[in-house]
Amino acid sequence: MSEKWITRMVQGAVLSSRSQAREVARTIGKPYPTLMRELNPFDLGAKLGVETFFQILRTTRDVTPLEQIAQELGYRLAPVDGGEEDPGHGAYSGR
């Protein structure tokens, strides 16, 4: 995987969320142009911070990027309540 795969996945989560990208930006308290710049995998001068990453996951309710990170590290996500796994909407449970 390339270096910016996480940024591309988060960008996809924002752009495909039920909420418009502008609404996601408003909800997390970031100007829309700033958020879009941070999510641009081709902008080498902008970085996506972990706090913003967390806020985006919470707002979009799409944890697919986190699931992929966990998988890359040899872990998997599962709902906290122990219910059925729901890809894209899990919670960290370790290995």
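Residues numbered from 1 in each chain as written. Predicted model: local features only at pLDDT ≥ 70, side-chain atom pairs only at ≥ 80, totals over all residues. Heavy atoms only, no water.

Caption draft 1: Region of the structure containing helix H1 (residues 5-15). Of all the positions in H1, only Trp-5, Thr-7, Val-10, Ala-13 and Val-14 are classed as buried. Where H1 is buried, its residues touch helix H2 (21-28), helix H3 (32-38), helix H4 (50-60) and helix H5 (64-72). (Buried < 20%, exposed > 50% of the residue type's maximum accessible area, 1.4 Å probe, protein only. Helix = DSSP H or I, 4+ residues; strand = E, 2+ residues; numbered from the N terminus. Contact = heavy atoms within 4.5 Å.)

Caption draft 2: Inspection of the pattern of salt bridges at higher detail. Considering all chains together, one arrives at three salt bridges under this definition. Its salt-bridge partner being Glu-23, residue Arg-26 comes within 2.5 Å of it at the nearest N-O pair. Placement of the pair is Arg-26 and Glu-23 together in helix H2, with a separation of three residues, close to one helical turn. Taking relative accessible area as the criterion, Arg-26 reaches 58% and is therefore assigned exposed. Measuring nitrogen to oxygen at the nearest pair gives 3.1 Å for the salt bridge that ties Glu-38 to Lys-30. The class of Glu-38 is buried, set by a relative accessible area of 12%. (Salt bridge = Lys/Arg side-chain N within 4 Å of Asp/Glu carboxyl O.)

Caption draft 3: Broad picture of unusual backbone geometry. Even without glycine at this site, Arg-61 takes up a positive phi of about 60 degrees. One can find Arg-61 in the loop between H4 and H5. Judged by relative accessible area, Arg-61 falls into the exposed class, the value being 62%.

Caption draft 4: Focus on the packing of H1 against H5. Two elements in contact, H1 and H5, have axes whose closest approach is 9 Å; the angle formed by their N-to-C orientations is 155 degrees. Overall, the two elements H1 and H5 adopt an arrangement that is roughly antiparallel. Each of Trp-5, Ile-6, Met-9 and Val-10 in H1 lies in contact with H5, whose residues at this interface are Thr-64, Pro-65, Gln-68, Ile-69 and Glu-72. When the residues that make up the contact of H1 with H5 are grouped by side-chain class, the tally is six nonpolar, two polar and one charged. (Axes fitted to C-alpha atoms, helices over the stretch in contact; angles between N-to-C directions. Parallel < 35°, antiparallel > 145°, perpendicular 65-115°, else oblique. Nonpolar A, V, L, I, M, F, W, Y, C, P; charged D, E, K, R; others polar.)

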